[in-house]
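Each chain, written out:
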Amino acid sequence: VQLQASGGGVVQAGGSLRLSCAASGRTFSSYVMGWFRQAPGKEREFVAAISRSGGVTHYADSVKGRFTISRDNAKNTVYLQMNSLKPEDTAVYYCAADQANANAVFTTALDYDYWGQGTLVTVSS
């Protein structure tokens, strides 16, 4: 599967952005999807993940209550709605995919085999 992330940009603190990740292929619904981010000088960190059907989600504590992950299997796309953005959310955001059982979600980068190219989110104070 090939992944293409988009939707990044510059936003003021408190603002919102929605990231999208479009996947190629006809088996999108067999993949668990995740979002990760990497800030300058820091390691890549988990942000959110969603199961194949969308029925199970998991979030990093730092974004819980502010970010929402969702997917549209008919459009082969996963989304990350980001609200109440903070300067510390500034990072390159990556989407990731891997095949999984029905309700599985993965929270570590090593669990994902497929990665998009990243989209930069900059939150100004």
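Worth saying up front: this structure is predicted, and the values here are computed from it rather than measured.

Engineer: Would you explain the nonpolar core in this entry?
Structural biologist: As a rule of thumb, soluble globular proteins bury nonpolar side chains together. If you look at the biggest cluster of nonpolar residues, it comprises 38 residues, and the most contacted ones within it are M33, W35, L80, M82 and Y93. Every residue in contact with M33, bar those within four places of it in the chain, is listed here: L3, C21, F28, A48, A49, I50, I69, R71, V78, A96, A97 and Y112.

Engineer: What is the right way to read the sheet that holds strand β1 (residues 3-6) from this model?
Structural biologist: Paired through their backbone hydrogen bonds, the strands of a sheet run either parallel or antiparallel. Sheet architecture is open: four strands sit in the order β1-β3-β8-β7, paired in antiparallel fashion. Where the open sheet ends on each side, the last strands, each with one partner, are β1 and β7 (67-72). The average angle at which neighbouring strand axes cross in this sheet is 15 degrees, direction not considered. By the bridge criterion, four bridges tie β1 to strand β3 (residues 17-23) in an arrangement that is antiparallel. Bridging across to β3, A5 finds its partner in C21.

Engineer: Quick question: what am I supposed to make of the pattern of salt bridges here?
Structural biologist: Any two side chains of opposite charge can pair, given that their charged atoms come close. Scanning the model with the defined rule gives four salt bridges in all. Across the pair E45 and R37 runs a salt bridge, and its minimum N-O distance is 2.6 Å. Judged by relative accessible area, which is 35%, E45 ranks as partly exposed. A residue is classified by how much of its surface remains accessible, and R37, at 5% relative accessible area, is buried.

Engineer: Can you help me understand the side chain of N76 in this one?
Structural biologist: Looking at the element boundaries, N76 is found in the loop between β7 and β8 (77-82). Excluding residues within four positions of it along the chain, N76 makes contact with C21, A22, A23, S24, G25 and F28.

Engineer: Got a minute to help me understand the side chain of T119 in this structure?
Structural biologist: Relative to the assigned elements, T119 resides in strand β11 (residues 119-124). Of the residues examined, T119 reaches a relative accessible area of 10% and is grouped as buried. A polar atom in the side chain of T119 sits 3.0 Å from the backbone nitrogen of G8.

Cut-off values and rules
- Residues numbered from 1 in each chain as written.
- Predicted model: local features only at pLDDT ≥ 70, side-chain atom pairs only at ≥ 80, totals over all residues.
- Heavy atoms only, no water.
- Core = buried A, V, L, I, M, F, W, Y, C linked by side-chain atoms within 4.5 Å.
- Buried < 20%, exposed > 50% of the residue type's maximum accessible area, 1.4 Å probe, protein only.
- Contact = heavy atoms within 4.5 Å.
- Pairing = 2+ DSSP bridges.
- Helix = DSSP H or I, 4+ residues; strand = E, 2+ residues; numbered from the N terminus.
- Axes fitted to C-alpha atoms, helices over the stretch in contact; angles between N-to-C directions.
- Salt bridge = Lys/Arg side-chain N within 4 Å of Asp/Glu carboxyl O.
- Polar contact = N/O pair within 3.5 Å; in protein donor to acceptor, adjacent residues only side chain to side chain.

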